[in-house]
Amino acid sequence: MPKSKRRIGCVGYGHLGQYLIKRVLEHPDLELAFVWNRTSEGLHANVAPELILKDLHKFPEMKADLIVEVAHPCITQQFGSVFLQHADYMIGSPTALSDQQLEDTLRKTAVQHGLYVPSGAFWGGEDICKMAHRGTLKGLKVTMTKHPSCFKLQGNLRDLNTSIKEKTVLYNGPVRGLCPLAPNNVNTMAAAALAAPNLGFDGVQGVLVSDPSLTNWHLVEIEVTGLTNVETGCTFTVHTMRRNPADVGAVTGSATYASFFSSLLGMLNNLQD
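For the structure given in this document, a descriptive report is provided here.

### Details of the overall build of the protein
Part 1: For the protein, the helix and strand inventory stands at ten helices and ten strands.
Part 2: Its C-alpha atoms put the protein at 60 × 45 × 35 Å along the principal axes.
Part 3: With 273 residues in all, the protein has 49% of them scored as buried.
Part 4: Long-range pairs, those at least 24 residues apart, make up 70% of the contacts in the protein with a sequence separation of at least 6.
Part 5: Total accessible area on the protein is roughly 13,700 Å²; 51% of this is exposed by carbon and sulfur atoms.
Part 6: Taking the average place of the 24 positive charges on the side chains of the protein and the average place of its 24 negative ones, the gap between the two points comes to 1 Å.

Dropping the structure here:
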């Protein structure tokens, strides 16, 4: 007996949403349940009319097995708990979880259905998570560097970013304080905070850098600190640099698209095992 296709609902139709929908439609084991977007521009030309959901409150009628958010953190704030009552939920904007009360609520709600965060541009997440659970992760720093036009910032960071002429550190501190100021740009940092629960949003250090000379790349630098050998004084460290091709003005680097879809497939495979 052939296995039934998993039905995927997509909330958001930006560049990443369009990529995911295309891959879902091409995959033999997946089926598109619905697509919702804040505006319908472009939807009708590429999505079958019966799959376009105009009112997100009516999502239960579309009977999705998994709902994927690739729109904005406000979707999780407004609909996260309700989504989890009907389907598994993958949060593409995990900066929403910097709100501790919201994270606690979603974790409590995720009983019959699962709550998932894709790795996206976060490199080495599984190993970092293992260290955190072993108690050997002592420090985690994530530095993200992009062209000024790639940022969608709030408050004082937006003002600072519009006036820079050279490479400038916009923020250096706990990830929790940065997420509300750069909700679309630091999902990698939020994923790091979730992968390192012993440090969390308050213990993981985030550094946001705006560099006008960086016209072809998004840079993600990850620095891990582990235990120190008491006899030698040597400390375990890992330092990675991810150079993600990205055009000027692009919020998401091109390599992140495939990584996101791989996370989706990996989650579905784990559910079937």
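### Focus: the packing of aromatic side chains
Part 1: One pass over the full model with this rule turns up four aromatic pairs.
Part 2: Residues F83 and Y89 carry aromatic rings whose centres are separated by 5.2 Å and whose planes lie at 65° to one another, so their mutual orientation is edge-to-face.
Part 3: Given a relative accessible area of 0%, F83 falls into the buried group.
Part 4: The rings of F59, F79, F83 and Y89 are connected pair by pair, giving a single aromatic cluster.
Part 5: Over the ring of W217 we find R243; its NZ or CZ atom is 4.5 Å from the centre of that ring.

### As for the nonpolar core
Part 1: Judged by nonpolar contacts, the single largest core of 54 residues is most densely connected at F34, L56, I67, F83, L140 and L208.
Part 2: The greatest single-element share of this core, amounting to seven residues, is contributed by helix 8 (residues 187–195).
Part 3: Non-local contacts of L208, meaning those with residues more than four positions away in its chain, are made with M144, F151, L153, T168, V169, L170, Y171, L178, A182, V186 and M189.

### Describing the packing of helix 3 (residues 73–84) against helix 4 (residues 100–109)
Part 1: Orientation of helix 3 relative to helix 4, taken along the N-to-C sense of each, is 15°, at an axis distance of 9 Å. Put simply, helix 3 runs roughly parallel to helix 4. Seen along the crossing, helix 3 lies across helix 4 with a hand that is left-handed. Contacts between helix 3 and helix 4 involve T76, Q77, G80, S81 and L84 from the first element and L102, T105, L106 and T109 from the second.
Part 2: Counted by class, the contact of helix 3 with helix 4 contains three nonpolar, six polar and no charged residues.

### A word on the sheet that holds strand 6 (residues 139–146)
Part 1: One open sheet holds the five strands; their spatial order is 7-8-6-9-10, and the pairing between them is mixed. Strands with a single pairing partner mark the edges of an open sheet, and in this sheet they are strand 7 (168–174) and strand 10 (235–245). Within this sheet the neighbouring strands show an average axis-to-axis angle of 10°, counted without direction.
Part 2: Two elements, strand 7 and strand 8 (residues 205–210), share six bridges in a ladder whose sense is antiparallel. From the neighbouring strand, V169 faces strand 8, where its bridge partner is V209.
Part 3: Across the face of the sheet, helix 5 (residues 125–134) comes into contact with strand 6, strand 9 (217–228) and strand 10 while running at roughly 25° to strand 9.
Part 4: Strands strand 6, strand 8 and strand 9 of the sheet are contacted by helix 8, whose axis makes an angle of about 170° with strand 6.

### Section: the pattern of salt bridges
Part 1: In total, this model carries eight salt bridges according to the counting rule given.
Part 2: Here R6 makes a salt bridge to D88, at a shortest N to O gap of 3.8 Å. Taken together, the residues R6 in strand 1 (residues 6–11) and D88 in strand 4 (residues 88–91) connect sequence positions 82 residues apart.
Part 3: In this structure, the salt-bridge partner of E26 is R23, at a minimum N-O distance of 4.0 Å. Placement of both E26 and R23 in helix 1 (residues 15–26) is noted, with a separation of three residues, approximately one turn of the helix.
Part 4: Residue E26 is classed as partly exposed on the basis of its relative accessible area, which comes to 48%.

### Structural notes on the sheet that holds strand 1
Part 1: Read from one edge to the other, the open sheet built from five strands follows the order 2-1-3-4-5, with strand pairing classed as parallel. The strands lining the two open edges of the sheet, one partner per strand, are strand 2 (30–36) and strand 5 (115–116).
Part 2: As paired strands, strand 4 and strand 5 are joined by two bridges and run parallel to one another. Note on strand 5: the bridge partner recorded for Y89 is L115.
Part 3: Where helix 3 meets the sheet, it contacts strand 1, strand 2, strand 3 (66–69), strand 4 and strand 5, and its direction lies at approximately 160° from that of strand 4.

### Observations concerning the side chain of K146
Part 1: Note that K146 resides in strand 6.
Part 2: In this structure, K146 is buried with no salt-bridge partner, the nearest side chain bearing the opposite charge being D247 at 13 Å.
Part 3: Dropping the residues within four chain positions of it, K146 is found in contact with F151, N185, V209, S210, D211, L214, H218 and V251.

Thresholds applied
Residues numbered from 1 in each chain as written. Predicted model: local features only at pLDDT ≥ 70, side-chain atom pairs only at ≥ 80, totals over all residues. Heavy atoms only, no water. Helix = DSSP H or I, 4+ residues; strand = E, 2+ residues; numbered from the N terminus. Buried < 20%, exposed > 50% of the residue type's maximum accessible area, 1.4 Å probe, protein only. Contact = heavy atoms within 4.5 Å. Areas by Shrake-Rupley, 256 points an atom, 1.4 Å probe, with all protein chains shown as cover. Lys, Arg positive; Asp, Glu negative; His and termini not counted. Charge placed at Lys NZ, Arg CZ, Asp CG, Glu CD. Phe/Tyr/Trp six-rings, centres within 6.5 Å; stacked < 30°, edge-to-face > 60°. Lys NZ or Arg CZ within 6 Å of the ring centre and 35° of its normal. Core = buried A, V, L, I, M, F, W, Y, C linked by side-chain atoms within 4.5 Å. Axes fitted to C-alpha atoms, helices over the stretch in contact; angles between N-to-C directions. Parallel < 35°, antiparallel > 145°, perpendicular 65-115°, else oblique. Left-handed = near helix turned anticlockwise from the far one by under 90°. Nonpolar A, V, L, I, M, F, W, Y, C, P; charged D, E, K, R; others polar. Pairing = 2+ DSSP bridges. Salt bridge = Lys/Arg side-chain N within 4 Å of Asp/Glu carboxyl O.

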